[in-house]
Amino acid sequence: GPARTLLTSSSQEKLTTEKDKKALDGALKHRRLQVWVLRAELLKNFGSFGKMDPFVVVQRVKSDGHVWEFARTRTDWGGHMKPNFNHLCRSIEVDSDDVIRFRVLEKSFGDFGTPIFCGEASTTVQILLRSNAEAKPEHTEPVKLKLTKNEMEETGCLVVQVGLEDQSSQDFTRVSAKRFETPVSQVPGRTSHYSLKLKDPQPKGVSTQRWIAKDLAKAHSEVAFYEEVRRLRSEDAGAFEALLEYILDYEGVLESHVEGQKPNEAPKQFLVFENLGVRDVPGSTFRRVDLKLGHGVPGSSGTSRLQALKQSILEGSGRNATEGFRLERFQGSPASLDSADPLLELGLGPVSPSGQGTEGSTSPTPSSPTSEKTTRSMVRQKVRKAMLHRMPAPDVIMYFADMQSLGSKVGDSAGIAQHLLSQMASKMAGLSVACRRAPAPQLWLGSSLAVTLDTGAEGSVPPEVNVKLFGWGQATLTTSDTHQQLPPSERRERSAKWREFITNIDKVGWEASRAYLHRFGNNHGWKEVKFVVADFDAISHNDFIGQASLHLDEKNASCMGEQVIQLVDRSENPVIGKNGLPTTLTCSVQLHTLSQVRMRGLWRVHVHRAVNLPKRDLSGTSDAWVSVYATGGEESQFCFQQRSSVVPRSLNPEWNETFDLPLARPGNLLADWLDVTAPSLGDAVLKSGQKLLPCAAGSGFVAGPASAKEEKAAFAAWSSALAYAADRAARNLGPPPRDKAPVVACDLLVEPIMTAASVNDGAAAAKTWSNWSWSAWNPFRWGACG
């Protein structure tokens with residue numbers, strides 16, 4: 001059809017008024033430019049012989065001179081002097097002052113020769129979109145652009161249509177790169193994640209780094225899931241409302257260049273979602289653990305069967321093979337974990353500035369310091385990852401709540417840890433309840449759980465814990481209608497996997513709750529503190545060196561002070577060091593009275609040093625750490641563990657670290673926290689606290705008071721209590737009166753959840769869990785009660 005001729009002289013700029021330019025700039029903030037290259041009319045033959053085979057290269061030239069080729073049409077073989085392209089270019093973000101350059105070239109000898117330049121046309125976005133700012137390209141008037149060569153010779157014309165992309169036709173939400181500082185930079189240590197920083201100032205309490213980007217090439221399968229979550233959040237979420245609170249906020253898909261990228265390279269595409277825990281609080285401590293839910297699950301999150309088999313073999317060597325989740329990443333880990341260098345066991349110490357290994361290193365020296373650092377860094381990352389995967393759940397919680405380096409006053413670090421651990425327990429219970437209220441079983445096994453903490457700022461910003469699900473892979477949001485349309489066998493399989501997923505969520509919350517109860521719930525007092533010294537090993541089991549105990553008496557606390565105690569082995573025989581002398585540990589213990597609401601006081605244990613340790617490594621030394629166990633005596637089953645840093649290659653390690661043993665006030669604050677998100681769960685904790693939440697042994701050398709059978713029964717009772725809490729939440733009922741035991745109604749089973757018999761009898765607890773917890777509260781009838 002007829003095309004409007006568009007001149008390329010600068011005088012054409014004046015045809016657009018300032019008002020029109022502002023309107024165009026406003027439109028370009030939300031919509032993207034789209035170009036449709038239709039055809040060309042050339043005035044001469046640029047080929048060596050025969051007919052020409054033209055094609056068009058479309059470039060964006062920014063005001064700073066940056067050139068990017070964003071489109072290349074197909075080659076019109078034999079099109080000669082009147083080629084037809086009919087090519088719709090990819091949409092791009094532009095500013096009104098950007099220049100769009102069209103270069104027509106002809107293929108010389110097919111794809112074997114260098115393309116021959118036939119002419120180009122350049123004009124600004126402002127001119128191209130004059131009178132077309134509100135239209136899609138297929139509905140706008142064609143524009144004829146004059147092609148020139150060497151700025152003087154006219155070689156023909158190019159016909160294009162230009163408009164703004166229709167947002168309603170997009171399959172996903174686009175995020176404008178104009179909102180962020182570009183180019184974006186990679187997050188250190190994470191190959192697929194990139195930092196984002198908003199240009200505009202944000203309201204108080206909102207960080208300019210509240211979003212983070214993930215390479216879309218590694219997250220393409222997650223787009224559909226996040227788009228469905230975004231749709232539900234903007235409309236009526238229905239039965240998914242409670243669960244959506246625990247899914248990362250999603251902004252859309254971003255297109256931006258990356259630092260170090262070549263000027264002519266296309267920008268990368270990113271998935272933009274919530275950056276957890278960023279509050280821009282000066283002086284705060286940020287910590288994050290990522291837990292993979294479900295181990296060795298092929299296909300659930302892009303995992304191949306070979307990868308699943310490999311992971312199951314790795315996990316099978318550790319206790320977490322039975323826990324249903326593994327520690328994938330630990331960001332902001334405490335000094336006690338950072339000092340556990342995985343290379344110590346391999347005889348590879350830290351690299352000195354000269355590139356030589358530290359004293360005692362038995363590793364060969366590479367030819368250059370740089371290659372040595374690179375090799376050690378790669379080995380360290382792989383061994384540390386394996387070490388984290390094998391870490392038992394109680395140890396994960398222990399390190400996560402390790403705040404002993406924080407606070408300037410006595411009780412500060414314990415107070416922060418108490419507040420954060422109670423939040424974690426409460427939010428995990430809320431997530432368990434929300435999962436049980438889902439309208440249908442979901443295939444989420446293989447996704448990840450992020451738990452973050454931010455210690456805040458004293459007196460102004462309170463500590464905060466966040467719990468979010470992410471890493472969806474091929475996951476979808478399944479509605480009840482969709483589930484009912486599936487074959488019965490697939491429905492049963494989905495229900496089984498959904499039960500397994502919720503069991504894993506329950507386990508994380510159970511570990512956090514019992515860690516809180518045993519560390520901050522003892523109002524009877526601590527009777528004994530035990531010191532266990534061991535040699536750290538990253539791959540194999542830690543080597544026991546010796547132990548010592550101190551009796552704690554609040555009435556005679558003034559007599560404690562600094563003490564030198566002798567280490568003994570498991571048979572109570574003295575431990576003899578490398579030089580033939582007894583091994584000793586120097587420590588001091590003080591009782592402090594506090595005026596805090598939650599704690600009446602604490603024992604402060606200071607571990608100074610150990611002397612004359614026996615050797616445990618091939619190098620003739622030991623990589624020693626000490627675990628501090630607090631126990632409540634025969635009348636109380638309270639106990640918990642804290643761990644020091646590792647002192648490498650030393651038989652006389654100096655720790656000089658402080659550990660707090662909190663003394664709680666009467667009452668149970670954990671029950672109050674749990675009732676906020678899981679009605680009636682706090683009541684169950686009040687009635688059967690230490691049986692429902694037995695002490696965890698972790699990876700230490702002191703066995704917990706509860707057997708494996710008792711732990712299994714306790715966890716089954718905990719899950720049953722959560723199912724009852726989900727039922728009350730679904731009916732908008734608050735916690736029951738504290739003087740009544742909760743009773744669960746089911747067609748096949750009616751019995752109190754938390755009785756002494758159900759907690760002590762593993763079979764009864766398992767029966768309660770299997771019979772009603774998956775059907776009594778859910779109209780879907782997944783279990784036996786239907």
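Before any of the text, the structure's been laid out above.
Parameters at a glance
Residues numbered from 1 in each chain as written. Predicted model: local features only at pLDDT ≥ 70, side-chain atom pairs only at ≥ 80, totals over all residues. Heavy atoms only, no water. Helix = DSSP H or I, 4+ residues; strand = E, 2+ residues; numbered from the N terminus. Buried < 20%, exposed > 50% of the residue type's maximum accessible area, 1.4 Å probe, protein only. Contact = heavy atoms within 4.5 Å. Pairing = 2+ DSSP bridges. Axes fitted to C-alpha atoms, helices over the stretch in contact; angles between N-to-C directions. Polar contact = N/O pair within 3.5 Å; in protein donor to acceptor, adjacent residues only side chain to side chain. Phe/Tyr/Trp six-rings, centres within 6.5 Å; stacked < 30°, edge-to-face > 60°. Lys NZ or Arg CZ within 6 Å of the ring centre and 35° of its normal. Disulfide = S-S within 2.5 Å. Expected span 1.5 Å × (residues − 1).

## Some thoughts on the overall build of the protein chain
Next, step 1: Per the secondary structure count, the protein chain includes 16 helices and 29 strands.
Next, step 2: Burial statistics for the protein chain: of 786 residues in total, 53% are counted as buried.
Next, step 3: Pairs at least 24 apart in sequence give 71% of the contacts found in the protein chain among residues at least 6 apart.

## Notes on the pairing of strand β14 (residues 250–256)
Consecutive residues of a regular strand have side chains that alternate between opposite faces of the sheet.
Next, step 1: Of all seven residues in β14, seven are buried; the element is thus mostly enclosed.
Next, step 2: Pairing between strand β10 (residues 174–175) and β14: two bridges, direction parallel. Residue pairing in the sheet places R174 in a bridge with V253 of β14.
Next, step 3: The pairing of β14 with strand β15 (residues 268–274) spans six bridges and is classified as antiparallel. When the sheet's bridge partners are listed, V253 is paired in β15 with L271.

## Brief notes about helix α8 (residues 393–400)
Next, step 1: With eight of eight residues buried, α8 lies mostly within the body of the structure.
Next, step 2: All buried positions along α8 are accounted for by A393, P394, D395, V396, I397, M398, Y399 and F400.

## Description of the sheet that holds strand β22 (residues 561–566)
Next, step 1: Here four strands make up an open sheet; going across it, the order is β22-β23-β24-β27 and the pairing antiparallel. Lying at the two open borders of the sheet, with one neighbouring strand each, are β22 and β27 (654–664). Mean inter-strand twist for the sheet, computed between neighbouring axes without regard to direction, equals 25 degrees.
Next, step 2: Of the strand pairs in this sheet, strand β24 (residues 599–611) and β27 are connected by nine bridges, and their pairing is antiparallel. Its bridge partner being in β27, R609 is matched across the sheet by E654.
Next, step 3: Seen against the sheet, helix α9 (residues 412–436) touches β24 and β27 and runs at an angle of roughly 115 degrees to β24.

## Re unusual backbone geometry
Next, step 1: Of note, the bond from T182 into P183 is cis; its omega dihedral lies within 30 degrees of zero at 0 degrees.
Next, step 2: Relative to the elements of secondary structure, P183 occurs in the loop between β10 and β11 (185–186).
Next, step 3: In this structure, N86 is a non-glycine residue whose phi angle is positive, near 50 degrees.
Next, step 4: Position of N86 among the secondary structure elements: in strand β5 (residues 84–88).
Next, step 5: We classify N86 as exposed; its relative accessible area is 54%.
Next, step 6: Despite not being glycine, S680 has its phi angle at roughly 85 degrees, a positive value.

## Points about the environment of R643
Next, step 1: Note on placement: R643 falls in strand β26 (residues 639–643).
Next, step 2: Here Q641 takes part through its side chain, which lies 2.8 Å from a polar atom of the side chain of R643.

## Some words on the packing of aromatic side chains
Next, step 1: Tallied over the entire structure, the rule returns 14 aromatic pairs.
Next, step 2: On the basis of an interplanar angle of 15 degrees and a centroid distance of 5.3 Å, the ring pair of Y226 and Y250 is categorised as stacked. Residue Y226 is found in helix α3 (residues 223–234), and its partner Y250 is found in strand β14; the two are separated by 24 residues along the sequence. The same class applies to Y226 and to Y250, which are both buried.
Next, step 3: An aromatic cluster of three or more residues is present, and its members are F225, Y226, Y250, F273, W444, W472, W498 and F501.
Next, step 4: Here the basic side chain of K107 rests over the ring of F55, its NZ or CZ set 5.6 Å away from the ring centre.
Next, step 5: Between K507 and the ring centre of F715, over which it is positioned, the NZ or CZ distance is 5.5 Å.

## Overview of the sheet that holds β26
Next, step 1: Here we have four strands laid out as an open sheet, ordered β21-β20-β25-β26, and antiparallel in their pairing. On the outer flanks of this sheet lie β21 (543–551) and β26, each paired with one strand and no other. This sheet shows a mean twist of 20 degrees between the axes of neighbouring strands, independent of strand direction.
Next, step 2: Both strand β25 (residues 624–631) and β26 contribute to a ladder of five bridges, which runs antiparallel. By the bridge assignment for β26, A630 is matched with F640.

## Observations regarding the state of the cysteines
Next, step 1: Under the criterion given, the structure shown has one disulfide.
Next, step 2: Two residues share a disulfide in this structure: C639 and C695, whose sulfurs sit 1.8 Å from each other. Its torsion about the S-S bond being -135 degrees, the disulfide of C639 and C695 is classed as left-handed. Of the two residues, C639 sits in strand β26 while C695 sits in the loop between α13 (681–692) and α14 (708–730), which places them 56 residues apart along the sequence.
Next, step 3: Residue classification places C639 among the buried residues on the basis of a relative accessible area of 12%.
Next, step 4: Judged by relative accessible area, C695 falls into the buried class, the value being 4%.

## Side note on α3
Next, step 1: With twelve residues, α3 extends 17 Å from end C-alpha to end C-alpha; this agrees with the ideal 16 Å at 1.5 Å per step.
Next, step 2: The set of residues buried in α3 consists of V223, F225, Y226, E227, V229 and L232.
Next, step 3: Taken together, the buried residues of α3 touch α4 (241–244), β14, β15 and β19 (464–470).

## Quick look at the environment of T658
Next, step 1: Tracing the chain through its elements places T658 in strand β27.
Next, step 2: On the basis of relative accessibility, which here comes to 23%, the residue T658 falls in the partly exposed class.
Next, step 3: When the C-alpha positions of T658 and H606 are compared, they lie 4.4 Å apart, and in sequence the two are 52 residues distant.
Next, step 4: Excluding residues within four positions of it along the chain, T658 makes contact with Q404, R604, V605 and H606.
Next, step 5: At 2.9 Å, the side chain of T658 and the side chain of H606 are in polar contact.

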